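Given next are the chains, with one letter for each unit.
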Amino acid sequence: MSNSEEIQQRAVTEHLFAQMRWMPVLALIPLTVIALVLWQHAPSLQILLWLGFMALGEMVLLLVTRMPINERAGTWQSSLRLFAGMQLVLALGWSSVLFWFLDYLHPWQIASIAIVLMAVAAAGLNSLSWHWPTYAVSLMVLLVPVGSVLIFNYDDFLLHSLGVMAFLMLPLAGYVSRREYLERIVLVMAEADKVELTSTLQQRSHELSRMRKQLKTLKDTDSLTGLISGERWKSQFVETYINQQNSERIAIFFVDIRHFRKINQRWGTLVGDRVILEVAGHLVAFVDHQNVCHLSADEFVFSAPVKNEQAAIELAQGLARYLRLPIQLGLEGVSIHPEPAIGIALYPDHSTDIDTLLDYAALANHHCKGKYSSKAYSLFSAEIANATRRYIDLEMGLKQAIAKRELELLYQPQVELQTGAIIGAEALLRWHSSTLGAVSPVEFIPVAENSGLILQIGDWVLEQACATLARWQKQFGPGVHLAVNVSAMQLTARDFAERLARHLERHGCDSRGLHVEITESAIMDNPELAMRVLKKLRLMGVGTALDDFGTGYSSLSYLKDMEIDYLKLDRSFISNVNTSPKDRAITESVIHMAKAIGLKLVAEGIETEEIGNALCAMGCDYGQGWLYGRPMHERSLVSMLIGPELPGSQAPGSVPAAGEGR
Ligand code: C2E
Ligand code: MG
Ligand code: MG
């Protein structure tokens, strides 16, 4: 049985028995009348018989009405039959009592009893409704004998014959009552349907409005921090300042944490969430709760009225001090030191449109996180907007660079200064963007490093370099080498050494021909890890070089323990070696120090013969620069390697091997 059928049946049965509950009460009225009459006239056996019959009927009725609904009737039809039967029993009882009393009572007594009984019978027969045809039949049943008594002043024959007629009419009354009842049932069922439908609809609409409320709350607030959403914050800002045409200057602060992605990667998202909560907590302590919104991940926005730019900057500086407070992770004293980046845009100075203001604050924030910016804040300006847009264009372009085959490796020769022999080359990356044109690595490498794209790009470089080196080694023997630049993120990536080993193996390279160049600053980012990887590389036979030496901040104590073979002295010292006594002194001392600790020295950026000769005289081992060749295509470099000045072209074994410098 379906759910709605069950509900309908229950509704009908409930209704039916609710009506029947009144029957015993109604039955009490004739019983009282009978008792009154009996008190006046001597009881006889006949009276007792009728009374017993009446009592039985009432008892059955009582019994039925007190039974629990589900035991009483399986279906509404059986309930109806039962009810009609009970009605008949009662009607029989009434009329019989009436007939019998007519013999004993005074016509006025009979008339009063008849009126009472009429009402009772009508109520009994039509207990379900006061439907007029049923009511009329019931009235007739009782009025006929009563009227005959009153009109004909007691005529035995007439009375009895009319009584029998009335008696015969009882089933008709029952039938009418039943028909009426059936109609009623249909109504009740329809009602039940309606009730069910209405209640279901009501329930649904309650649920819907609850869900709507929940959705609104979800839309309006962030589930992690409980702060308001960006949309709500924006509409608040528009209502409070823009719609009111407020002339007050309002600063919009776009806050996030530098390298938040790294925190997530290193410690997991739970710790990431913890950092977000801490930042949210600091911001709420700093400004009103309703004024801070959590945009996404580690990004928050809030506004504050300020007098001028300086006031906005001071506010950002104060906030940065707060946000820099270390977060204890509770893991053996491990703590995170968040580095905030705060972008600021001013209303109405920069714009009066909230979306534009947010974009500007985000651009300023982005600029603040740029490779060379160490400031915690950045105030929006046209230059910042251009630089940041360029940065974003570069990042987007780089994502497709490999797939669009826009990357290329050029090779710059490296020479042995004493002999002038080309001993190998440094691979330098070039990007010919289809949309941005040729982009210098000085510009795009930091973007690739910042965005993490360097992992993918660096891997492509290594693969290409191994392929090139394999060709060269085949042609010129194992003495030739190729140096490849590797970024800090690449070097410290989980499987750097393993990936490199796979590339070398796939191309059948002698690992000693490959040199990995790492900048000082890359090593100093994470010296322990970098040193472990360098050791691994050395064990693999790969040569290692410290690039741009002198420009970073490497400590000499690290240099002592570092697993490197070559120091590459930066161009900034070399270019002035003949003109600046200081640069000369530094260059000389670096050469001596390198020799003393067993490292080979490569001088970068040798543009003139004088510089080359000077370095040679100082005892520098190798050189690289425009004097010997600019970065060039592989073809050109190979032709240089084949040239007469290449010792390896006659006897490849005489080219210093990569491992020789160790
Ligand atoms: P770097 O590794 O120090 O490379 C030397 C840079 O100096 C090259 O610039 C080269 O073209 C330039 N150079 C060489 N000789 C001279 C000279 O005599 N005079 C002058 N003025 N410049 C000279 P480039 O190719 O623009 O590369 C710049 C930097 O980009 C590289 O510096 C390196 O740090 C980075 N880079 C290049 N390719 C890659 C790469 O594949 N991976 C990574 N991670 N970084 C790369
Ligand atoms: Mg280099
Ligand atoms: Mg360099």
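Visitor: Help me get a handle on the overall build of the chain, residues and values and all.
Guide: Assigned secondary structure in the chain consists of 26 helices and 16 strands. Out of the 662 residues in the chain, the part that is buried amounts to 48%. Intrachain contacts of the chain at a sequence separation of at least 6 include 71% that bridge at least 24 residues. Here the chain has roughly 33,100 Å² of accessible surface; of this, 58% comes from carbon and sulfur atoms.

Visitor: Go over the site of ligand 1 with me, naming the residues and quoting the values.
Guide: Lining the immediate surroundings of ligand 1 are 22 residues, of which Q412, R430, N485, D547 and E607 lie closest. Within the side chain of N485, an N or O atom sits 2.8 Å from an oxygen atom of ligand 1. Isolated, ligand 1 exposes 790 Å² of accessible area, and the fraction of that covered by the protein chains is 85%. Taken together, the elements giving at least two residues each to the shell around ligand 1 come down to β9 (421–433), α15 (441–451) and β13 (543–549). The element that contributes the greatest number of residues to the shell around ligand 1 is β9, accounting for 4 residues. Here the shell around ligand 1 is composed, by residue class, of 9 nonpolar, 5 polar and 8 charged.

Visitor: I'd like a rundown of the coordination of the magnesium ion (ligand 2), residues and numbers included.
Guide: Put simply, the ideal angle at a metal is 109.5 degrees for four donors in tetrahedral geometry and 90 or 180 degrees for six donors in octahedral geometry. Protein ligation of the magnesium ion (ligand 2) involves E426 (OE), N485 (OD1), E517 (OE) and D547 (OD), the donor distances falling in the range 2.1 to 2.2 Å. Written as a sequence motif, the donor residues of the magnesium ion (ligand 2) are E-x58-N-x31-E-x29-D. Taken as a pair, the magnesium ion (ligand 2) and the magnesium ion (ligand 3) show a spacing of 4.0 Å, with D547 coordinating each metal. Separated by 32 residues along the polypeptide, N485 in strand β11 (residues 481–485) and E517 in strand β12 (residues 514–519) bring together distant segments of the chain.

Visitor: Explain the nonpolar core to me, and be specific about the residues and the numbers.
Guide: Judged by nonpolar contacts, the single largest core of 79 residues is most densely connected at L398, W472, L500, L537 and L567. The contact partners of L500, leaving out residues within four places of it in the chain, are L462, C466, L514, V516, L537, M540 and V542. Listed in part, the 34 residues of the second largest apolar core include L283, V292, A320 and I342.

Visitor: I'd love a proper account of the packing of helix α18 (residues 496–507) against helix α20 (residues 527–540), names of residues and values included.
Guide: In the contact formed by α18 and α20, the axes pass within 10 Å of each other and the chain directions differ by 25 degrees. With respect to α20, the axis of α18 lies roughly parallel. The chirality of how α18 crosses α20 is right-handed. Note on element contacts: α20 touches α18 through V533, K536, L537 and M540, opposite F496, A497, E498, L500, A501 and L504.

Visitor: Break down the coordination of the magnesium ion (ligand 3) for me, with residues and values.
Guide: All of the protein donors around the magnesium ion (ligand 3) are D547 (OD), D548 (OD), E604 (OE) and E604 (OE); their distances to the metal are 2.0 to 2.6 Å. Mapped onto the polypeptide sequence, the residues donating to the magnesium ion (ligand 3) form the spacing pattern D-D-x55-E. Look at D548 and you get partly exposed, because its relative accessible area is 25%.

Visitor: Summarise the confidence of the model for the chain; cite the residues concerned and give the values.
Guide: Of the residues in the chain, 65% have a pLDDT of 70 or more, and the chain-wide mean is 77. When the elements of the chain are averaged for pLDDT, helix α4 (residues 69–72) gives the smallest value, 36, and β11 the largest, 98. Scored below 50 in pLDDT, residues 124–131 shows 31 contacts in the model against residues more than four places distant or in partner chains. Note that pLDDT drops below 50 for residues 645–662; the model gives that stretch 44 contacts with residues more than four away or on any other chain.

Visitor: I'd like to hear about the pattern of salt bridges, residue by residue, with values.
Guide: A full pass over the atoms with the stated rule returns 21 salt bridges. Of the charged contacts, one joins E231 and K234 as a salt bridge, the two residues approaching to 3.6 Å between their closest N and O atoms. Note that E231 and K234 are positioned in helix α9 (residues 230–242) at a spacing of 3 residues, about one turn of the helix. The structure contains a network of salt bridges with shared partners spanning E426, E517, K568 and E604.

Visitor: Can you break down α15 residue by residue, with the values?
Guide: Structural remark: α-helix, 3.6 residues per turn; residues separated by three or four positions point the same way. If you check which residues of α15 are buried, you get F444, P446, V447, A448, E449 and S451. Residues of α15 that are buried make contact with α10 (260–267), α14 (382–401), β9, β10 (437–439), α16 (454–476) and α17 (488–491). The N-terminus of α15 is capped by S440, whose side-chain oxygen sits 3.0 Å from the backbone nitrogen of V442. At the C-terminal side of α15, G452 shows a positive phi close to 90 degrees.

Visitor: Give me the side chain of S351: which residues, what numbers.
Guide: When you line up the elements, S351 lands in the loop between β6 (340–347) and α13 (354–368). There is a polar contact of 2.9 Å between the side chain of S351 and the backbone nitrogen of D353.

Visitor: Can you lay out the sheet that holds β6 for me, pointing to particular residues and giving the numbers?
Guide: Strand order in this open sheet of 5 strands is β2-β3-β1-β6-β7, and the pairing throughout is mixed. Two strands lie at the open edges of the sheet, namely β2 (292–296) and β7 (377–379), each paired on one side alone. On average, each strand axis in the sheet is inclined to that of its neighbour by 25 degrees, with strand direction left out of account. Relative to β7, β6 runs parallel, the two being bridged by 3 bridges. Among the inter-strand pairings, G343 is bridged to a residue of β7, identified as S378. Across the face of the sheet, helix α11 (residues 269–286) comes into contact with β1 (250–257), β2 and β3 (299–305) while running at roughly 5 degrees to β3. Along the sheet, helix α12 (residues 309–323) contacts β1, β3, β6 and β7; its crossing angle with β6, the most-contacted strand, is approximately 155 degrees.

Visitor: Talk me through the packing of aromatic side chains; I want residue IDs and the actual numbers.
Guide: Counted according to the given criterion, the structure contains 9 aromatic pairs. Between the aromatic rings of F237 and Y347, the centroid separation amounts to 5.7 Å while the plane-to-plane angle is 90 degrees, which identifies the pairing as edge-to-face. Of the two residues, F237 is situated in helix α9 and Y347 in strand β6; the sequence distance between them amounts to 110 residues. Pairing F253 with F302 gives two aromatic rings, centres 4.7 Å apart and planes at 10 degrees, and the pair type is stacked. A residue pair is termed long-range when its members are at least 10 positions apart, and F253 in strand β1 and F302 in strand β3 qualify at 49 residues. There is no split in this pair, since F253 and F302 are both buried. One aromatic cluster in this structure is built from W233, F237, Y241 and Y347. Geometry around W267 places R266 over its ring, the cationic atom sitting 4.2 Å from the centre. R630 extends its terminal NZ or CZ atom over the ring of W626, reaching a point 3.5 Å from the ring centre.

Visitor: How would you sum up the environment of L462? Please name residues and give values.
Guide: Following the sequence through the fold, L462 ends up in helix α16. Taking C-alpha positions, L462 is 10.0 Å from A483, a pair spaced 21 residues apart along the chain.

Visitor: Give a detailed account of the pairing of β12, specifying residues and quantitative values.
Guide: Within β12, 5 of the 6 residues are buried, which leaves it mostly tucked inside the rest of the structure. Bridge analysis of β11 against β12 gives 4 bridges, and the strand direction is parallel. Looking across to β12, one finds that L482 is bridged to L514. The pairing of β12 with β13 spans 5 bridges and is classified as parallel.

Visitor: Kindly report on the packing of α16 against helix α25 (residues 634–642), identifying the contributing residues and their values.
Guide: One can describe the packing of α16 onto α25 by two numbers: an axis separation of 12 Å at closest approach and a directional angle of 25 degrees. The angle between the axes of α16 and α25 places the two elements in the roughly parallel class. By crossing handedness, the relation of α16 to α25 is classed as right-handed. Seen from α16, the contacting residues are T468, R471, W472, Q475 and F476; seen from α25, they are E634, L637, V638, L641 and I642. For the contact of α16 with α25, the class distribution of residues is 6 nonpolar, 2 polar and 2 charged.

Cut-offs and rules
Residues numbered from 1 in each chain as written. Chains lettered and ligands numbered in written order. Predicted model: local features only at pLDDT ≥ 70, side-chain atom pairs only at ≥ 80, totals over all residues. Heavy atoms only, no water. Helix = DSSP H or I, 4+ residues; strand = E, 2+ residues; numbered from the N terminus. Buried < 20%, exposed > 50% of the residue type's maximum accessible area, 1.4 Å probe, protein only. Contact = heavy atoms within 4.5 Å. Areas by Shrake-Rupley, 256 points an atom, 1.4 Å probe, with all protein chains shown as cover. Near = heavy atom within 4 Å. Polar contact = N/O pair within 3.5 Å; in protein donor to acceptor, adjacent residues only side chain to side chain. Nonpolar A, V, L, I, M, F, W, Y, C, P; charged D, E, K, R; others polar. Donors = N, O, S within 2.8 Å, 3.2 Å for Na, K, Ca; no water. Core = buried A, V, L, I, M, F, W, Y, C linked by side-chain atoms within 4.5 Å. Axes fitted to C-alpha atoms, helices over the stretch in contact; angles between N-to-C directions. Parallel < 35°, antiparallel > 145°, perpendicular 65-115°, else oblique. Left-handed = near helix turned anticlockwise from the far one by under 90°. pLDDT = per-residue confidence, 0-100. Salt bridge = Lys/Arg side-chain N within 4 Å of Asp/Glu carboxyl O. Pairing = 2+ DSSP bridges. Phe/Tyr/Trp six-rings, centres within 6.5 Å; stacked < 30°, edge-to-face > 60°. Lys NZ or Arg CZ within 6 Å of the ring centre and 35° of its normal.

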